[in-house]
Amino acid sequence: MTADDTTALIQRWQNGDAAAFDQLLSLIYADLRAIARRQLRGERATTLQPTALVNDVLLRMIERGAAPISDGTHFFKVAARAMRHFLVDRARRASTEKHGGQLERLELLEVMELPMSADTDVQRLDAALVDLEAIEPALARIVELRYFVGLTVREVAGVLGVDESTVYRDWALARVWLRDHLAT
């Protein structure tokens, strides 16, 4: 299937065609599971499976009636945002005394070369991303796709439709901005 076919399925789904959603899922579900698997690889002692993460994210997207999705690239951007919010909400619940206290160290921080220590508070990171998004939405989107989805620079470039050199430059800038912002 082509990108135009995907776009047509998205438009049919948004116009109420449930069969189009089923066809769309058959095209993108494996990609979403791969993204979820990469994201969850860095979490120790998690009971969340990639399939469950994808299903929860899709359910949230459907229940909230997200803004119209224009094409496959936009769909993955919306999914990245939904994964981010799902994982941040999960971290918040886990950090409450009722659910066991402090957040666990995520080795993914080191692997992703993020400008923060391994004990970074995901809630603070989320707040920093909200601030970054207000200033430079493109930089925040790159951080979401790299950190919360686990995409490579090449994959981010493909999703955003920009050159890899642009992603490398913006990723470096975002890391410096986050390091400075989280240090305060």
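Residues numbered from 1 in each chain as written. Predicted model: local features only at pLDDT ≥ 70, side-chain atom pairs only at ≥ 80, totals over all residues. Heavy atoms only, no water.

**Student:** Looking at this structure, I do not really get the confidence of the model for the protein chain. What am I missing?
**Tutor:** It should be kept in mind that the predicted coordinates are not to be read in detail where pLDDT is low. Across the protein chain, the average pLDDT comes to 77, with 79% of residues at 70 or higher. For the protein chain, the element scoring lowest by mean pLDDT is helix α5 (residues 108-111), at 44; helix α8 (residues 153-160) scores highest, at 88. The low-confidence segment residues 105-112, where pLDDT is below 50, has 25 contacts with residues more than four positions distant or belonging to other chains. (pLDDT = per-residue confidence, 0-100. Helix = DSSP H or I, 4+ residues; strand = E, 2+ residues; numbered from the N terminus. Contact = heavy atoms within 4.5 Å.)

**Student:** In this structure, what is going on with the side chain of R141? I would like to understand it.
**Tutor:** Locating R141 in the fold gives a position in helix α7 (residues 137-148). For R141, a relative accessible area of 17% gives the class buried. Polar contacts involving the side chain of R141 include one to the side chain of E144, which spans 2.4 Å. Dropping the residues within four chain positions of it, R141 is found in contact with K77, R81, E133 and L160. (Buried < 20%, exposed > 50% of the residue type's maximum accessible area, 1.4 Å probe, protein only. Polar contact = N/O pair within 3.5 Å; in protein donor to acceptor, adjacent residues only side chain to side chain.)

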